[in-house]
Amino acid sequence: MTQRSWDRKDLLGLEDLSAAEIESILDAAVSFKSSEAPKNHSKLSNRTLAFLFSEPSTRTRSSFEVAARRLGAEVLGFSAASSSLLKGESLLDTVRNLEAMGVDYFVVRHELSGVLMPLAPKTKASLINAGDGAHEHPTQALLDLFTLREKKGTLKKLKVVIVGDVAHSRVARSNIFALLKFKAAVTVCGPTALIPHDIASLGVSVSQDLDHALKDADAVNVLRLQLERQKENLVTSLNDYYQAYGLTAERLAKNPDCMVLHPGPMNRGVEISSQAADGPQSAILEQVKNGVAVRMAVLSLIEGWRARHG
Amino acid sequence: MAERLLVKGGLVIDPSQNIESVRDVLIEDGKIAEVRAGLSKQPGLKDAPVLDAQGLWVIPGLIDMHVHLREPGREGDETILTGTRAAARGGVTTVLAMPNTEPPVDTPSAVSFVKSKAVAEGAVRVLVAGAATVGQKGERLTEIVGMVRAGISAVTDDGRPMMNSELMRRALECCKDCGIPFIDHCEDEHLSAGACVNEGRAATAKGLRGMPWAGETVMVSRDIALSELTGAHVHIAHISAAQSVTAVRLAKKRGLNVTAEATPHHFTLCEEDAPGYDANFKMNPPLRSARDREAVLEGLADGTIDAVATDHAPHGPGKKALGLPLAPFGVIGLETSLALGITHLVGKKILSPKKLLERMSAAPARLLGLKDRGSLKKGMLADIALVHPGESWTVEARFESKSRNSPFIGMKLKGQVRATLVGGRAAFRHDHAL
Ligand SMILES: [Zn+2]
């Protein structure tokens, strides 16, 4: 058993986590992924997990659900799709009511940044952030890191390019916070309108030249472009966008060592070409697979905390 | 027999007469009768009631030209009664009530309602600002002349900017004809749409949409141009961005009729001071960068920024619990403004005590054309605050205001108001003092 450093009730984001805490999760995920690992565990067999999603996400939700069931947890089907039910105070009420019914874990997806931060101290249940506004999506970034570490052997000093709509991306923020803890060199690339102001002050480089950014990158994480950004005049046209920032096989061919990540779901032909998405450099399906192991690791570490703190 | 009160032995600080020395102040029938050392020894005053002010500052009551009293319509957040009690506790003796109530103060009868309610219930004096456009919708001008006759002191659509420049021009022309200032909340709503904090590092890290500084500065620059075009007095409310301060400084150099105010939260805090997602730090304009805060301090020091005003904006606790993106903008400020001025402006040598009172009393009186206050000259209203300048206290969530949305809770401040007199009568007395 590896040395683990984890002393938290919740997983709200990666900004406040240490490199050691992140590695604990990744190490635990290794054991859950290994081919010898049993598919059925009992670590969470007395636990109930509920989803609170104010916006739909089949992929993240299914991944959490598979992870929780493999650990033996009971999974509540409830999912509030209506965001009005999940605003401020009423979100707290929802959590407290379900807590009173015996729910121990909440996996929360919310369109507003930061809603979980004031909530966490007000409930004994464990909260896991499955995406809050444009703030963080910690388990997605953890599975990105896991995939990177698996393929590249280490996270130390990797060169990672994050391309696309960084302004509205929680995946980008969680990745940036985490990668910088491992002294990675992170470049964000995209049109100025989609790159948040002052992002360089977080410790990343900014580029508007994807070919240049990709030159000696170890990996490129391609963000999904929400098509409504064009209506908001943040991108002039999808063709323009694809020409400047679309990840194509031709672009990738110039750097065969560059691995391709995408949090999904993909807009093929908008931010990524089919050839690039399905080509030899792509780790996109591997990411999906790793997502289950990483989420099992998060749940089991938190369960360790719960067991210790009764 | 005249009603008298002798305020004895305090350090009188009055920028209007350039006084900063120990004097006695005689009040007769609600007005200042005399300010002189050794008055108490005069034979005719031996029996006058005395307020011992030894060790205290005796200053002109503060005039806060940017206050939201919420009545009518939002009495759950604040009322004229509670808002003016909060003012009195802060040493404020005159407030200018902003018109963005529900419904807005946009007719002469609405003006009369607030004025009569204030006379009946107010702990301090209440001036009324009238809305510039009907319903504050930015579409049609209000009856400005009628509201002036009903007694407004300024016109503003505060809470919102005047996005339509043509309408703004016409409002300014009317204000000029009536001899009152137009107070503008400078914000280009297209540049700030959907944003809840400043556009900067903190917003980026928290994944929040930010308002760029330019959203304020483009409107400040437009207002300067329209003031030059019309000759009207434009007063820039709650200035917050360095580039806006620069624009006002240049306008003043050119002799234009433009003035500005800054709030205590903008001269005390910057975006990096806001912890996590605490909505008590959400205001509009937002807390900006450290560099912007520095520029506000410079503007206060060199007089580019004429006045300190709180933008006292009460919101009940439920609304601030909605989470940063959904919570309403605004913080309360009446009960902490003087102490913040003493701590952060006087304490850090940005302003002398005399200059601080200039910004908080004499200047707002001048900007609003009030000739009977903002000074302790003979014949002025006896609106006076007695302040212990060295007393330290910690801001607690116990306010006279109905709301508790203050970013300063827990902060240690210097300078405490011990008593506030309005027309020579106590509107506030600190429990263990006097
Ligand atoms: Zn305003």
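Throughout this document, residue positions are counted from 1 along each chain, in the order its sequence is written. Lettering for chains starts from A, numbering for ligands starts from 1, and both go in the order in which the items are written. Reporting of local features is limited, given that this is a predicted model, to residues whose pLDDT is at least 70; pairs of side-chain atoms are given and counted only at 80 or more, and all residues count toward the totals for whole chains, interfaces and linings. To get the side-chain values, all heavy atoms of the structure are used, and hydrogens and water are removed first.

J.: Honestly, the overall build of chain B in this entry has me stumped. Any pointers?
T.: For chain B, the helix and strand inventory stands at 13 helices and 18 strands. Taking 434 residues into account, the globule formula puts the C-alpha radius of gyration at 22 Å, and chain B, at 21 Å, falls close to it. For the C-alpha atoms alone, the extent of chain B along its principal axes is close to 70 × 45 × 45 Å. Looking at chain B as a whole, 61% of its 434 residues qualify as buried. Contact criterion: two residues are considered in contact whenever any of their non-hydrogen atoms come within 4.5 Å of each other. Contacts in chain B between residues at least 24 apart in sequence constitute 74% of all its contacts with a sequence separation of at least 6. For every accessible area listed, the method is Shrake-Rupley and the probe measures 1.4 Å; residues are considered covered only by the protein chains on display. Accessible surface computed for chain B: about 15700 Å², of which carbon and sulfur atoms make up 51%. The positive count covers Lys and Arg only, the negative count covers Asp and Glu only, and His and the chain ends enter neither. Taken as the charge location is NZ of Lys, CZ of Arg, CG of Asp or CD of Glu. Taking the 53 positively charged and 51 negatively charged side chains of chain B as two groups, their mean positions are separated by 4 Å. A run of DSSP states H or I qualifies as a helix once it reaches four residues; a run of E qualifies as a strand once it reaches two. Both are numbered from the N-terminal end. Note that the radius of gyration is over C-alpha atoms, with the globule rule given as 2.2 Å times the number of residues to the power 0.38. Burial classes: relative accessible area under 20% of the type maximum marks a residue as buried, over 50% as exposed, and values in between as partly exposed (1.4 Å probe, protein chains only).

J.: Would you explain the interface of chain B and chain A in this entry?
T.: For an interface, size is often stated in terms of accessible area lost upon the parts coming together. Listed as interface residues are 13 residues of chain B and, on the opposing side, 18 residues of chain A. By convention, the term buried area covers the 1.4 Å-probe accessible surface removed from two parts as they join, with the contributions of both added. Counting the surface lost from both chain B and chain A, the interface buries some 1400 Å², and carbon and sulfur atoms represent 63% of this. Contact with chain A buries area across many residues of chain B, yet R201, T204 and Y277 of chain B alone supply 38% of it, more than any other trio. Take a side-chain nitrogen of Lys or Arg and a carboxyl oxygen of Asp or Glu: if they are within 4 Å of each other, that pair is a salt bridge. Scanning the region where chain B abuts chain A turns up zero salt bridges. Polar contacts, as used here, are pairs of N or O atoms within 3.5 Å; protein pairs need one atom able to donate a hydrogen and one able to accept it. Residues neighboring in sequence count only if both atoms are side-chain atoms. Our count for the chain B to chain A interface comes out at five residue pairs in polar contact (both at pLDDT 80 or more). Amino acid classes used here: Ala, Val, Leu, Ile, Met, Phe, Trp, Tyr, Cys and Pro are nonpolar; Asp, Glu, Lys and Arg are charged; the rest, including Gly, are polar. Split by residue class, the side of chain B that touches chain A holds seven nonpolar, three polar and three charged.

J.: Is there a simple way to think about the coordination of the zinc ion in this case?
T.: Under ideal tetrahedral coordination, the four donors around a metal are separated by 109.5 degrees; under ideal octahedral coordination, the six donors are separated by 90 or 180 degrees. All names here are of chain B. Any nitrogen, oxygen or sulfur atom within 2.8 Å of a metal ion counts as a donor, with the limit raised to 3.2 Å for Na, K and Ca, and since water is left out, coordination shells can look unfinished. Donor atoms from the polypeptide that coordinate the zinc ion comprise D158 (OD), H185 (ND1) and H238 (NE2), at 2.0 to 2.3 Å from the metal. Sequence positions of the residues that donate to the zinc ion give the spacing D-x26-H-x52-H. Taken as a pair, D158 in the loop between β9 (152–156) and α4 (165–178) and H185 in the loop between β10 (182–184) and α5 (189–192) lie far apart in primary sequence, 27 residues in all. For H185, a relative accessible area of 3% puts it in the buried group.

J.: Before we go on, may I ask you to explain the nonpolar core in this structure?
T.: A general feature of soluble globular proteins is that nonpolar side chains tend to end up buried together. For our purposes a nonpolar core is just a set of buried Ala, Val, Leu, Ile, Met, Phe, Trp, Tyr and Cys residues, chained together by side-chain atoms within 4.5 Å. Counting residues in hydrophobic clusters, the biggest one holds 86 residues, and the most contacted among them are I59, V95, F182, I236 and L338 of chain B. Core analysis: the second largest hydrophobic core is formed by 65 residues, F53, F64, A130 and V298 of chain A among them.

J.: Got a minute to help me understand the packing of helix α1 (residues 80–89) of chain B against helix α2 (residues 108–121) of chain B in this structure?
T.: When two helices pack together, their arrangement is given by the angle between the helix axes and the distance between those axes. Residues and elements named next belong to chain B. All axes are obtained by fitting lines to C-alpha atoms, using only the stretch in contact for helices, and the reported angles, taken between N-to-C directions, cover 0 to 180 degrees. Contact pair α1 / α2: the axes reach a minimum separation of 10 Å and the direction vectors enclose 60°. By the angle class used here, α1 and α2 are oblique. Note on packing geometry: the crossing formed by α1 with α2 is right-handed. Packed against α1, whose contacting residues are I80, L81 and T84, the element α2 presents V114, K117, A118 and E121 at the interface. Each angle receives one of four descriptions, namely roughly parallel if under 35 degrees, roughly antiparallel if over 145, roughly perpendicular if within 65 to 115, and oblique otherwise. Helix crossings get a hand from a simple test, with the near helix turned counterclockwise from the far one by less than a right angle marking a left-handed crossing and a clockwise turn marking a right-handed one.

J.: I tried to follow the side chain of E303 of chain A on my own but got confused; where do I start?
T.: One can find E303 of chain A in helix α11 (residues 284–308). The contacts of E303 of chain A, once residues within four sequence positions are left out, are K43, L44, R47 and Y105 of chain A.

J.: How do you make sense of the environment of N221 of chain A when you look at a structure like this?
T.: Residues and elements named next belong to chain A. Tracing the backbone through its elements, the reader meets N221 in strand β8 (residues 219–222). Residues N221 and I284 lie 63 residues apart in sequence; the distance between their C-alpha atoms is 9.8 Å. Setting aside its immediate chain neighbours within four residues, N221 contacts D144, V161, I162, V163, N175, L261, H262 and P263.

J.: Is there a simple way to think about the packing of aromatic side chains in this case?
T.: For any pair of aromatic rings, geometry is given as the distance between the ring centres together with the angle between the planes. All names here are of chain A. What counts as a ring pair is set by centres within 6.5 Å for rings of Phe, Tyr and Trp (its six-membered ring), and what kind of pair is set by the plane angle: stacked under 30 degrees, edge-to-face over 60, tilted for all other angles. This structure, assessed with the given rule, holds two aromatic pairs over all chains. Residues Y241 and Y245 carry aromatic rings whose centres are separated by 5.8 Å and whose planes lie at 45° to one another, so their mutual orientation is tilted. Placement of both Y241 and Y245 in helix α8 (residues 238–245) is noted, with a separation of four residues, approximately one turn of the helix. Judged by relative accessible area, Y241 falls into the buried class, the value being 3%. Residue class for Y245 comes out buried when judged on its relative accessible area of 8%. The side chain of R306 reaches across the aromatic face of Y105, ending 5.7 Å from its centre. Only lysine NZ and arginine CZ atoms are considered, and such an atom sits over a ring when it is within 6 Å of the ring centre and within 35 degrees of the ring normal.

J.: Hey, could you run me through the state of the cysteines in this one?
T.: Covalent bonding between the sulfur atoms of two cysteines defines a disulfide. Any pair of cysteine sulfurs within 2.5 Å is marked as a disulfide. All told, the structure shown has zero disulfides over all chains when counted by the stated rule. Its sulfur unpaired, C189 of chain A is 12 Å from the next cysteine sulfur, which belongs to C258 of chain A. The thiol sulfur of C178 of chain B is not disulfide-bonded, and the nearest other cysteine sulfur, from C174 of chain B, lies at 4.4 Å.

J.: Would you mind showing me how to read the pairing of strand β1 (residues 4–14) of chain B here?
T.: It is a general feature of regular strands that their side chains alternate between the two faces of the sheet. Residues and elements named next belong to chain B. Across the eleven residues of β1, eight count as buried, placing the element largely inside the fold. Note on pairing: two strands pair once DSSP finds at least 2 bridges between them. Sheet topology note: the β1/strand β2 (residues 19–28) ladder contains nine bridges and is antiparallel. Considered in β2, the bridge of G10 is made with R23. Hairpin geometry of β1 and β2 is characterised by an intervening segment of four residues between the two adjacent antiparallel strands and by a positive phi of about 55° at N18. In this structure, β1 lies alongside strand β4 (residues 50–52), joined through three bridges in parallel fashion.

J.: Would you take a moment to explain the pattern of salt bridges for this structure?
T.: When the charged atoms of two side chains lie near each other, side chains of opposite charge can form a pair. Residue and element names in this part refer to chain A. For the coordinates displayed, the defined rule picks out 40 salt bridges over all chains. With a shortest N-O distance of 3.4 Å, R47 and D104 are connected by a salt bridge. Here R47, found in the loop between α1 (19–33) and β1 (48–53), pairs with D104, found in the loop between α3 (88–100) and β3 (105–110); they are 57 residues apart in sequence, far enough to count as distant. In this structure, R47 and D104 share a single accessibility class: buried.

J.: Mind showing me how you'd approach the sheet that holds strand β2 (residues 74–76) of chain A here?
T.: Residue and element names in this part refer to chain A. Taken in spatial order, the four strands of this open sheet run β2-β1-β3-β4, and their pairing is parallel. Every other strand in the sheet has two partners, leaving β2 and β4 (126–132) as the edge strands with one partner each. Taking each pair of neighbouring strands and ignoring which way they run, the sheet shows an average axis angle of 20°. Against the sheet, helix α2 (residues 58–70) engages β1, β2, β3 and β4, with an angle of about 175° to β1.

J.: Looking at this structure, I do not really get the side chain of D157 of chain B. What am I missing?
T.: Residues and elements named next belong to chain B. Secondary-structure assignment places D157 in the loop between β9 and α4. One polar contact links the side chain of D157 to the main-chain amide nitrogen of A132, over a distance of 2.9 Å. Ignoring sequence-local partners within four residues, the contact set of D157 consists of A131, A132, T133, Q136, G138, M162 and I183.

J.: I would appreciate a short explanation of the environment of K117 of chain B in the present structure.
T.: Residues and elements named next belong to chain B. Looking at where K117 falls in the secondary structure, it is placed in helix α2. Separated by 36 residues in the primary sequence, K117 and L81 have C-alpha atoms spaced 8.8 Å apart. For K117, the residues in contact, after removing those within four places along its chain, are E71, I80 and G122.

Geometric values such as these leave the question of function open.
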